Amino acid sequence: MLFSEISNTGELKKMNIEQLQKLASSIRSFLIEKVSKTGGHLSSNLGVVELTIALHKVFDLDQNDDIIWDVGHQSYTHKILTGRANKFDMLRKYDGISGFPKTSEDKRDTFNTGHSSTSISAASGIAKAKELKGISGKTIAVIGDGAMTGGMAFEALNYSGHTTKNLIIILNDNDMSISKNVGGISKALKRLRNANRYLKFKQDVKLALDNIPVVGTPTKKGLTKFKSDLKKIVINGDSVFESMGFTYMGPVDGHNFEELFTILEHSKTVEEPVFIHVHTKKGKGYLPAENQPELFHGVGCFEPSTGRIICNNDRITWSECFGNTMCKLAEKNKDLVAITAAMPFSTGLVEFSQKYPQRFFDVGIAEQHAVTFSAGFTRAGIVPVFAVYSTFLQRAYDQILHDVSLQNLHMIFAIDRSGPVGADGETHQGVYDISYLSPMPNMTIFSPALAEDFEAILNISVNDLNGPVAIRYPRGSILYRSDFSNVSFPKLEYRNCFKAKVLETYNTVDVLIVSVGVMLKNAIETKKLLNDMGFSVSLVDAFCIKPIDISTIRRESNKAKIVVTIENNVIIGGFGEILQSQLDRSIVKFAYKDEPIPQGSVKELEEKYGLSPQSIADKIKKLLR
């Protein structure tokens, strides 16, 4: 049966379990085929195929039922069942469908997600709004056990359990987030998963009593308190979710349709908030993803038959360079520790965690905690380096200000994925960090363009500087001085770590280009294009964003007809605006517009926003003539 027939005719609700099992197998094959070509989140989606089908069969998303997918990276089957299978060739591509729920794509994508731990709050608000408007229907939040380590999830649970009706929380428990889960929540869920003695006993007693005429029903009611007490004994303490006001159901096998239908149908009859614990396997049905769920969490192109990753570039990445440098620094500095929020693999810290396990700390999806946790280390004389994506550091804004910057504590923010990240789209673009970090008192901000500078800055930040230091760097392959044979780069050392690099200068020039971070590559190419047009160009690498080396840039700007800045941040609050406020002259600023930046390759986005070398050169040419 075609996916389109299911979504458009309601055939899914008529299918029996055997047909649904064939459908699940078909969807898995489809996902493996498509994601192998486009890249995307594979293992998480393979793990929720049956659960998603069951939700669509039991609930009515065309009427008043709603599903909010936490993070949303596991919503591919949902997209297939809502008529978007024919768009998967453009999954996560420019002008294609998103890898996350998008209300602009389909009304059944109830709430846009991309970051972790937001679904319960959103679902609670939607359920409460329905209640106020007198609208029937269930509101369902599907959240993974990794996302449950985020504090916002527990804030929402604490409020919703005693106040919100017709709310269903489904915990997709696969014992993973991006990497292996850690902490007390993970251990508590493991206890619940292992409570089969209680669950089997409860099912056997219920079945036996149902078969006893006359006395069965009252006897079953009389055993309610006994069952509750027994549950506390067997599971080793009352469920934390029940103590928050939820009716706890589960755990159930998330790949067993009969169990899923039973528990979901039962949850529809309960008006009070319900918490359903579903146990799934990440990567289910595809052996390479089952064996390496981290690798296939967010994967590039691969060979479907073997799972072999197809790598188009064998150059070292910024994340790998960071991890390698951290290992070298830790060998000499025994007070250096590394901290991550559930992303040791993605941030390049796996080797560090293996070499220095006592100095490596994965706090789960808890960026706020990670920052203040780091601040505590600093107060005790340890140097913490917190490796985090730019987009996720946003979640800890208050902690950066209140707990670190105001106290002028020495910690390093290793900010991976700064600038556009490409396929993950607007929720993950790292184009805001200059704007939100620059106002922080005592904060030093670096944005190196080259591997040699990156290594030097990390070393200087750990061993020589004081106060908070942010080092921003992008996704992808790193560049070296040798990649620019016609440019002479001064060596970066502690003595000149706050000085902008003047890479080319003249007594008088048409244009001064001041570039930030990896936009130096575009700046160098732009300079060549302008030179070919007959214009003279000076070039400055402002790798130190804060403090700005205003004296060097002012000296060079006094020689130029126009001053241009090129950065991979949004224009508002970006380097160009900050420099203009201190330079007291007009600046032509090339940066991302004040709007959500969509998915697409970095090259496509640079073309769209006028940040490609040719676009920049053409605009400068018009200004000069």
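Definitions and cut-offs
Residues numbered from 1 in each chain as written. Predicted model: local features only at pLDDT ≥ 70, side-chain atom pairs only at ≥ 80, totals over all residues. Heavy atoms only, no water. Pairing = 2+ DSSP bridges. Helix = DSSP H or I, 4+ residues; strand = E, 2+ residues; numbered from the N terminus. Axes fitted to C-alpha atoms, helices over the stretch in contact; angles between N-to-C directions. Contact = heavy atoms within 4.5 Å. Phe/Tyr/Trp six-rings, centres within 6.5 Å; stacked < 30°, edge-to-face > 60°. Buried < 20%, exposed > 50% of the residue type's maximum accessible area, 1.4 Å probe, protein only. Lys NZ or Arg CZ within 6 Å of the ring centre and 35° of its normal.

## Quick look at the sheet that holds strand β2 (residues 139–144)
Move 1: Within the open sheet, the five strands sit side by side as β1-β2-β3-β5-β4. Their pairing is parallel. Edge positions in the open sheet fall to β1 (66–69) and β4 (247–253), since each of these has one partner strand only. With strand direction ignored, the average angle separating the axes of adjacent strands in the sheet is 20°.
Move 2: Relative to strand β5 (residues 274–279), strand β3 (residues 167–173) runs parallel, the two sharing six bridges. The residue of β5 that forms the bridge with Ile169 is Phe275.

## Focus on the side chain of Lys79
Move 1: Mapping Lys79 onto the fold places it in helix α5 (residues 76–84).
Move 2: Apart from the residues lying within four places of it in its own chain, the contact partners of Lys79 are Arg84, Ala85, Phe88, Ser98, Gly99, Phe100, Pro101, Glu105 and Asp109.

## Some thoughts on unusual backbone geometry
Move 1: The step from Gly250 to Pro251 runs through a cis peptide bond, and the omega angle for that step is 0°.
Move 2: One can find Pro251 in strand β4.
Move 3: For the bond from Lys546 to Pro547, the omega torsion is 0°, close enough to zero to count as cis.
Move 4: Relative to the elements of secondary structure, Pro547 occurs in the loop between β15 (544–546) and α23 (550–557).
Move 5: With a phi close to 75°, Asn442 is a non-glycine residue in the positive phi region.
Move 6: By the secondary structure assignment, Asn442 is in the loop between α20 (433–437) and β10 (444–446).

## A word on the packing of aromatic side chains
Move 1: Going through the model one piece at a time under the given rule, you end up with 24 aromatic pairs.
Move 2: Judged by centre distance (6.1 Å) and plane angle (65°), the ring pair of Phe484 and Phe489 falls under edge-to-face.
Move 3: A relative accessible area of 11% places Phe489 in the buried class.
Move 4: A cation over a ring is seen here: Arg359 above Tyr356, with NZ or CZ 4.8 Å from the ring centre.

## Focus: the side chain of Ser119
Move 1: When you line up the elements, Ser119 lands in helix α6 (residues 119–133).
Move 2: For Ser119, a relative accessible area of 0% corresponds to the buried category.
Move 3: Once residues lying within four places of it in the same chain are set aside, the contact partners of Ser119 are Ile68, Trp69, Asp70, Ala141, Val142 and Ile143.

## Some words on the sheet that holds strand β11 (residues 469–472)
Move 1: Read across the open sheet, the seven strands follow the order β7-β6-β8-β9-β11-β10-β15; overall the sheet is mixed. Either end of the sheet is taken by a strand with one partner, and the two such strands are β7 (360–362) and β15. Adjacent strand axes in the sheet meet at a mean angle of 20°, parallel and antiparallel pairs treated alike.
Move 2: Sheet topology note: the strand β6 (residues 336–340)/β7 ladder contains three bridges and is parallel. If you follow Ile339 over to β7, its bridge partner there is Phe361.
Move 3: Packing against the sheet, helix α17 (residues 367–379) makes contact with β6, β7, β8 (383–389) and β9 (412–416), and its axis sits at approximately 165° to β8.

Functional significance is not addressed by these values, which are geometric in nature.
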